[in-house]
Amino acid sequence: MTAPKKLYVKTYGCQMNVYDSERMAEALGEQGYEPTNTLDDADMILLNTCHIREKAAEKVYSELGRFKGLKAAKPDLKLGVAGCVAQAEGAEIMRRQPLVDLVVGPQSYHRLPEMETKTRQGEKALDTDFPEEDKFEHLKSRPKARRAPAAFLTVQEGCDKFCAFCVVPYTRGAEVSRPVDRILTEARDLVERGVREITLLGQNVNAYHGMGEGGSWSLAKLIWALNDIDGLERIRFTTSHPNDMGDDLIEAHGTCEKLMPYLHLPVQSGSDHILKRMNRKHTAESYLRLIERIRAARPDILLSGDFIVGFPEESDADFEATMALVEEVEYGYAYSFKYSKRPGTPAAERPQVDPDVADERLQRLQALITRQQRKIQDEMVGRTVKVLFEKPGKYEGQMVGKSDYLHAVHVADAQVSVGDIAPVRIISSGSNSLAGELI
Ligand code: 5AD
Ligand code: SF4
């Protein structure tokens, strides 16, 4: 028997890429690859890339350049680019960086085994199609390998919303939902392998409308079905669009016991003028009313959001409206980005905001968000939360995990195992995590 080949995967960007990287590693497992964390051991290096902002895309090219030496030392080493940069740039990647052997878009990962064979024959392999078949159906899991207690499960991909700044509808394609039975089968399989928390993933996850018994199912209906799986203890989902928060989903936050009190609901801006120019199809007011309804259903829910500052035409008053919205909502987490011009998107053609002005706004917004995050975290001190323990900590006897609200919690001298869920009293709040004791 020949020694297994080694695969090194580097993942950029969102959680969907993390999920896809696992599936790609499994697909290449069929070709005799085993994962490695050591670059020097690799027979194939795969970069799973992100195209959402310019910086993310540029990083890929500089990273590729760094493999020149490795490839010279090991001519059999294959270099692959997957993900949204692969989809957006296609063959251009091989032109700009001839070291690259393989370029595969997010909808073609099930074709990786044949593509790998092609590269072993000394050819280049390129696939950025949007095939009809379900890639996940063809990406078979390895038999019953143990999994970490918290896992991702992609239920929906792509987006039809066409926000004026965003490349997702172009790189991930139209919105597609996976059928209910395949999701439930995958969820049961994960639970058998030790998973206790599942985060349902989709670029527009709450627009989920997969086929199930009796017709098309909403995300809430899917969550209720997952709620019935014994051994599964926690359900989360991300990322949602405000306009797709159905009544049944809001209600589930109040009544579905395994659905965690955390919701990522990006608004992007607090100015109606900018929201209109962003093609978001909601207003600041409608977003705030929505938050009110969600909080009425689940008063302790922790909210998180995404913001873009310096979107074309954003005035000082527009930016102040964003600050006011953040003040009103009080986020437990929030991610803010400086607008990044993406080729092919409508906003790229419009008059841009002065980069220094955008920088200053970003700093102010981030300072506000950090204050809010810290306040909500500090308020956890003295409370008892349930923690799912995920791994040993830095110190002897320490274990770390996540609370219901997704805060990282570490416990010293913890008599628990990975995968346990236990009540923890929070004793202090640090910059990025909480410390607690078992009770
Ligand atoms: N520039 C800056 N931020 C962007 N995002 C998406 N596209 C861009 C862009 N062109 C942000 C949005 C989105 C998050 C995933 O990334 O806030 O919600
Ligand atoms: Fe991009 Fe989200 Fe808008 Fe879709 S809804 S275009 S993924 S920002």
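None of the values given here were measured: they were computed from a predicted structure. (Residues numbered from 1 in each chain as written. Chains lettered and ligands numbered in written order. Predicted model: local features only at pLDDT ≥ 70, side-chain atom pairs only at ≥ 80, totals over all residues. Heavy atoms only, no water.)

Chemist: Outline the sheet that holds strand β15 (residues 302-309), supporting the account with residue identities and numerical values.
Modeler: Strand order across the open sheet formed by three strands is β14-β15-β16, with parallel pairing between neighbours. Each edge of the open sheet carries a strand with a single partner, namely β14 (262-264) and β16 (333-338). In this sheet, neighbouring strand axes are inclined to one another by 10° on average, regardless of whether the strands run parallel or antiparallel. Sheet strands in contact with helix α15 (residues 355-378) are β15 and β16, and its direction is about 175° off that of β16. (Pairing = 2+ DSSP bridges. Helix = DSSP H or I, 4+ residues; strand = E, 2+ residues; numbered from the N terminus. Axes fitted to C-alpha atoms, helices over the stretch in contact; angles between N-to-C directions. Contact = heavy atoms within 4.5 Å.)

Chemist: Which residues make up the site of ligand 1, and what are the values?
Modeler: All residues in the neighbourhood of ligand 1 are listed as Ile-52, Arg-53, Phe-165, Gln-268, Asp-306, Ile-308, Phe-337, Lys-338, Tyr-339, Ser-340 and Arg-342. Contact between ligand 1 and Arg-53: an oxygen atom at 2.8 Å from a side-chain N or O atom of the residue. The backbone of Ser-340 places a nitrogen or oxygen atom 2.7 Å from a nitrogen atom of ligand 1. Protein contact buries 87% of the 400 Å² of open area that ligand 1 shows by itself. (Near = heavy atom within 4 Å. Polar contact = N/O pair within 3.5 Å; in protein donor to acceptor, adjacent residues only side chain to side chain. Areas by Shrake-Rupley, 256 points an atom, 1.4 Å probe, with all protein chains shown as cover.)

Chemist: How would you sum up the packing of helix α14 (residues 316-329) against α15? Please name residues and give values.
Modeler: Two elements in contact, α14 and α15, have axes whose closest approach is 10 Å; the angle formed by their N-to-C orientations is 5°. Overall, the two elements α14 and α15 adopt an arrangement that is roughly parallel. Each of Asp-316, Phe-319, Glu-320, Thr-322, Met-323, Val-326 and Glu-327 in α14 lies in contact with α15, whose residues at this interface are Arg-361, Arg-364, Leu-365, Leu-368, Ile-369 and Gln-372. When grouped by side-chain class, the residues that make up the contact of α14 with α15 number six nonpolar, two polar and five charged. (Parallel < 35°, antiparallel > 145°, perpendicular 65-115°, else oblique. Nonpolar A, V, L, I, M, F, W, Y, C, P; charged D, E, K, R; others polar.)

Chemist: Explain the site of ligand 2 to me, and be specific about the residues and the numbers.
Modeler: Neighbouring ligand 2 are the residues Cys-159, Lys-161, Phe-162, Cys-163, Phe-165, Cys-166, Val-168, Pro-169, Asn-204, His-241 and Arg-280. Within the shell around ligand 2, the residues separate by chemical class into seven nonpolar, two polar and two charged.

Chemist: Give a description of the domain arrangement of the protein chain that names residues and reports values.
Modeler: In terms of domain boundaries, the protein chain breaks down into domain 1 (5-127), domain 2 (141-260) and domain 3 (384-438). The centre of domain 1, based on its C-alpha atoms, is set 27 Å off from the matching centre of domain 2. Taken together, the contacts link 18 residues of domain 1 with 20 residues of domain 2. On the domain 1 side of the contact with domain 2, Met-16, Tyr-19 and Glu-26 bury the most area, a combined 39% of that side's loss. (Domains from an automatic or database assignment. Buried area = accessible area lost by both parts, 1.4 Å probe.)

Chemist: Requested: an account of the nonpolar core, with residues and values cited.
Modeler: Of all hydrophobic cores here, the largest spans 60 residues; its most connected members are Leu-200, Leu-222 and Tyr-331. Other than its neighbours up to four places away in sequence, Leu-200 contacts Leu-153, Val-155, Val-205, Leu-219, Leu-222, Ile-223, Leu-226, Ile-235, Arg-236, Phe-237 and Thr-238. By size, the runner-up hydrophobic cluster in this structure holds 23 residues, among which are Ala-42, Leu-47, Tyr-61 and Ala-86. (Core = buried A, V, L, I, M, F, W, Y, C linked by side-chain atoms within 4.5 Å. Buried < 20%, exposed > 50% of the residue type's maximum accessible area, 1.4 Å probe, protein only.)

Chemist: Residue-level account of the packing of aromatic side chains, with values.
Modeler: Summed over the entire model, instances satisfying the criterion amount to five aromatic pairs. Ring geometry for Phe-162 against Tyr-170: centres 5.5 Å apart, planes inclined by 75°, an arrangement best described as edge-to-face. Residue Phe-162 is classed as partly exposed on the basis of its relative accessible area of 36%. Consider the rings of Phe-165 and Phe-311, whose centres lie 6.3 Å apart with planes at 85°: the pair is edge-to-face. Placement of the pair is Phe-165 in the loop between β8 (156-157) and α8 (168-171) and Phe-311 in the loop between β15 and α14, with a sequence separation of 146 residues. For Phe-165, a relative accessible area of 11% translates into the label buried. In this structure, Arg-53 is placed above the aromatic ring of Phe-337, and the distance from its NZ or CZ to the ring centre is 3.7 Å. Over the ring of Tyr-61 we find Arg-96; its NZ or CZ atom is 3.5 Å from the centre of that ring. (Phe/Tyr/Trp six-rings, centres within 6.5 Å; stacked < 30°, edge-to-face > 60°. Lys NZ or Arg CZ within 6 Å of the ring centre and 35° of its normal.)

Chemist: How would you explain helix α10 (residues 219-227) if you had to name every residue and give the values?
Modeler: In terms of residue burial, α10 counts as a mostly covered element, since seven of its nine residues are buried. Among the residues making up α10, those that are buried are Leu-219, Ala-220, Leu-222, Ile-223, Ala-225, Leu-226 and Asn-227. On the buried face of α10, the contacting elements are α9 (180-192), β10 (197-201), β13 (234-238) and α11 (247-255).

Chemist: Describe the state of the cysteines, naming the residues involved and giving the relevant values.
Modeler: Each disulfide is one covalent bond, formed between the sulfur atoms of two cysteines. Throughout the structure, instances matching the rule amount to zero disulfides. Of all cysteine sulfurs, the one in Cys-50 lies closest to Cys-84, which takes part in no disulfide; the gap is 6.5 Å. (Disulfide = S-S within 2.5 Å.)

Chemist: An account of the layout of surface pockets is requested, with residue identities and associated values reported.
Modeler: Its boundaries defined by the atoms lining it, the second largest pocket holds a volume of some 470 Å³. Forming the boundary of the second largest pocket are 19 residues, of which Lys-55, Lys-338, Tyr-339, Ser-340 and Lys-341 lie nearest the centre. Elements with a minimum of two residues in the lining of the second largest pocket: α2 (54-65), β16 and α15. Considering every element that reaches the lining of the second largest pocket, the biggest residue donor is α2, with four residues. Taken together, the residues of the lining of the second largest pocket break down into eight nonpolar, four polar and seven charged. (1 Å grid on protein atoms, 1.4 Å probe; cavity = no way out; pocket = protein on both sides within 12 Å on 5 of 7 lines; lining within 4 Å. Points joined across faces, edges and corners; volume = space filled by probe spheres on them.)

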